[in-house]
Amino acid sequence: MDFSKYEKSTASVWAGETDPLPNGAVTTPIVKSVAFAYHDLDEWHEVALGKADGFIYSRNTNPTVHVLEEKIRILEGAEAATAFATGMGAISNTLFALLGPGKRVVSLNDTYGGTSRLFLDFLPRYGVNVTLCDTTNFDQIEAEVAKGCDVLYLETPTNPTLKVVDIARLAAAAKKVGAVTVVDNTFATPINQNPLALGADLVLHSATKFLGGHSDAMGGVLCGSKELVSKVFQFREINGASIQADAAYMIARGMKTLELRIERQNASALTIARYLKAHPKVRDVFYPGLETHPGHDIAKAQMSGFGGIMSFSLDGDYDQVKKFLPKLQFVHLAASLGSVSTLAGPPRTTSHVELTEEQRRQLGIPESLIRYSVGIENVNDLLTDLEQALAIL
Ligand SMILES: Cc1ncc(COP(=O)(O)O)c(C=O)c1O
């Protein structure tokens, strides 16, 4: 079915699920079978060679996983998609499949902690030349890309200070030198931002976050041209970072309500960010939807909504965070984000725990910073909750 003439909410529900199912089932089955049997050896051979559609072995492809891949493929407007066991599976497989000894990748100082470890620790061990730039110094990034590189790796908005990176400008620079632009779209989601339409070549997600949306399944996805996705897919087949059918089902089910959740989370986050910005006990609020955010204009140009995540610093030090966070009632103090329930935590304890205070300061992360991922609760209840917790400071 051609979904290009339908809206994202329709595609989220129907993509990958338009064919009639056995017994008239109205939701896709969780196919746990490890292998798929054939009576006709010629047919098996054709499928094994990739000349005919079908499934052989679930490390490679699986019908339930295919449903998830179709949903994200359509939502990101891509030719092809492939899924992974986790978001880091998607990121590491993509980088290792595209890079090798003597190749060069240009990226940002502010990528997700796991990604940053790949850049600083693992990729250099395999002879990959890594250059990390000041995340919002687009002149510097362009200059590094112009020196020649194989991959430009971006993430926007970033974790935890919600910096906004100009995808169209940097993807155009990468195109000039024949580099592949990859964007981690986890924070924005395909409802708010479509990097491929802005000139990127590949877009990936930690599906563990907003796509699944319920903090109950881990996964990763990658979308782009058939040629590039197939290059990464071939590495993933052998590397083995395949998602299980159960997790793929949970994420695909979560995706059916993606637009509803994201619309709610966009609206609530903006309301909460404005409230916090005006609060005397809050020093700074980092949310791209605020007119005062340095990346607001770029965010307005490349995003249709500003997302459900913000961070804010309290007027004080880490002791204030220790007093404040446990007082919140409608928040899980946990390391994840993008769920139906509100989640919060200090980067000092979560994403940036391994850095020194000075390293965090250099990244613009104050000790009193809190990352707050807004759930789908009623926004007035969340505001009341924040108000009573701030009142004790
Ligand atoms: C922006 C971003 N990308 C990638 C990942 C990694 O995803 P996963 O935990 O599913 O491996 C995370 C995890 O928090 C993330 O926040």
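Computed from a predicted model, the values in this text were never measured in an experiment. (Residues numbered from 1 in each chain as written. Predicted model: local features only at pLDDT ≥ 70, side-chain atom pairs only at ≥ 80, totals over all residues. Heavy atoms only, no water.)

## A few points about the pairing of strand 6 (residues 202-206)
At step 1: Counting buried residues along strand 6, five of its five residues qualify, which places the element largely inside the surrounding structure.
At step 2: Burial along strand 6 is two-sided: Leu202, Leu204 and Ser206 facing one way and Val203 and His205 facing the other are all buried.
At step 3: Bridging between strand 5 (residues 180-184) and strand 6 involves three bridges; their strand directions are parallel. Within the sheet, the bridge partner assigned to Val183 lies in strand 6 and is Val203. (Buried < 20%, exposed > 50% of the residue type's maximum accessible area, 1.4 Å probe, protein only. Helix = DSSP H or I, 4+ residues; strand = E, 2+ residues; numbered from the N terminus. Pairing = 2+ DSSP bridges.)

## Notes on helix 6 (residues 138-146)
At 3.6 residues per turn, the α-helix brings residues three or four places apart onto the same side.
At step 1: Looking only at helix 6, the buried set comprises Phe138, Ile141, Glu144 and Val145. Burial along helix 6 is one-sided: seen end-on, the buried residues are contained in an arc of 125 degrees. Residues of helix 6 that are exposed and point more than 90 degrees away from the buried face comprise Asp139 and Ala146.
At step 2: Directly after helix 6, the chain includes Gly148, whose backbone phi takes a positive value near 110 degrees. (Arc of directions from axis to C-beta.)

## So, the sheet that holds strand 7 (residues 220-224)
At step 1: Taken together, the seven strands give an open sheet; going across it, the order is 1-7-6-5-4-2-3, and neighbouring strands pair in mixed fashion. Each edge of the open sheet carries a strand with a single partner, namely strand 1 (80-84) and strand 3 (129-133). On average, each strand axis in the sheet is tilted by 20 degrees relative to the strand beside it, whichever way the strands run.
At step 2: This element, helix 4 (residues 87-98), spans strand 1, strand 4 (151-155), strand 5, strand 6 and strand 7 of the sheet and lies at about 150 degrees to strand 6.
At step 3: Along the sheet, helix 6 contacts strand 2 (104-108), strand 3 and strand 4; its crossing angle with strand 2, the most-contacted strand, is approximately 175 degrees. (Axes fitted to C-alpha atoms, helices over the stretch in contact; angles between N-to-C directions. Contact = heavy atoms within 4.5 Å.)

## Remarks on helix 7 (residues 167-176)
At step 1: For helix 7, the full list of buried residues reads Ile167, Leu170, Ala171, Ala173 and Ala174. Viewed end-on, helix 7 has its buried residues packed into an arc of 155 degrees, placing them on one side of the element.
At step 2: If you follow the buried residues of helix 7, they end up packed against helix 6, strand 4, strand 5 and helix 12 (296-302).
At step 3: The N-cap residue of helix 7 is Asp166: its side-chain oxygen and the backbone nitrogen of Ala168 are 3.5 Å apart.
At step 4: Note on helix 7: the residue one or two positions beyond its end, Gly178, has a positive phi of about 75 degrees. (Polar contact = N/O pair within 3.5 Å; in protein donor to acceptor, adjacent residues only side chain to side chain.)

## Brief notes about a negative patch on the surface
At step 1: On the surface, a cluster of negative charge is made up of Asp40, Asp42, Glu43 and Glu46.
At step 2: Tracing the sequence through the fold places Glu46 in helix 2 (residues 41-48). (Patch = residues over 30% accessible without salt bridge, like charges linked within 9 Å, V, L, I, M, F, W, Y side chains within 5 Å. Areas by Shrake-Rupley, 256 points an atom, 1.4 Å probe, with all protein chains shown as cover. Salt bridge = Lys/Arg side-chain N within 4 Å of Asp/Glu carboxyl O. Lys, Arg positive; Asp, Glu negative; His and termini not counted. Charge placed at Lys NZ, Arg CZ, Asp CG, Glu CD.)

## Overview of the nonpolar core
At step 1: Grouped together as the largest cluster of nonpolar side chains are 37 residues, with contacts concentrated most on Leu68, Ile72, Leu211, Ile243, Ile251, Met255 and Leu258.
At step 2: Taken together, the elements giving at least two residues each to this core come down to helix 3 (63-75), strand 1, strand 7, helix 10 (245-255) and helix 11 (258-277).
At step 3: Sort the elements by how many residues they give to this core and helix 3 lands first, with six residues.
At step 4: Lining this core are residues from two domains, each supplying at least three of them: domain 1 (3-255) and domain 2 (258-390).
At step 5: Setting aside chain neighbours within four positions, we find Met255 in contact with Ser12, Leu68, Lys71, Ile72, Leu75, Leu211 and Arg261.
At step 6: One finds Phe306, Phe324, Leu325 and Leu328 within the second-largest nonpolar core, a separate group that totals 33 residues. (Core = buried A, V, L, I, M, F, W, Y, C linked by side-chain atoms within 4.5 Å. Domains from an automatic or database assignment.)

## Comments concerning the sheet that holds strand 12 (residues 369-373)
At step 1: Read from one edge to the other, the open sheet built from five strands follows the order 8-9-12-11-10, with strand pairing classed as mixed. Of all the strands in the sheet, just strand 8 (282-286) and strand 10 (332-333) have a single pairing partner and so form its edges.
At step 2: Where strand 9 (residues 309-314) and strand 12 come together, five bridges link them in antiparallel fashion. What sits directly across from Ser313, in strand 12, is Leu369.
At step 3: Sheet strands in contact with helix 11 are strand 8, strand 9 and strand 12, and its direction is about 15 degrees off that of strand 9.

Keep in mind that these numbers describe shape and distance, not what the molecule does.
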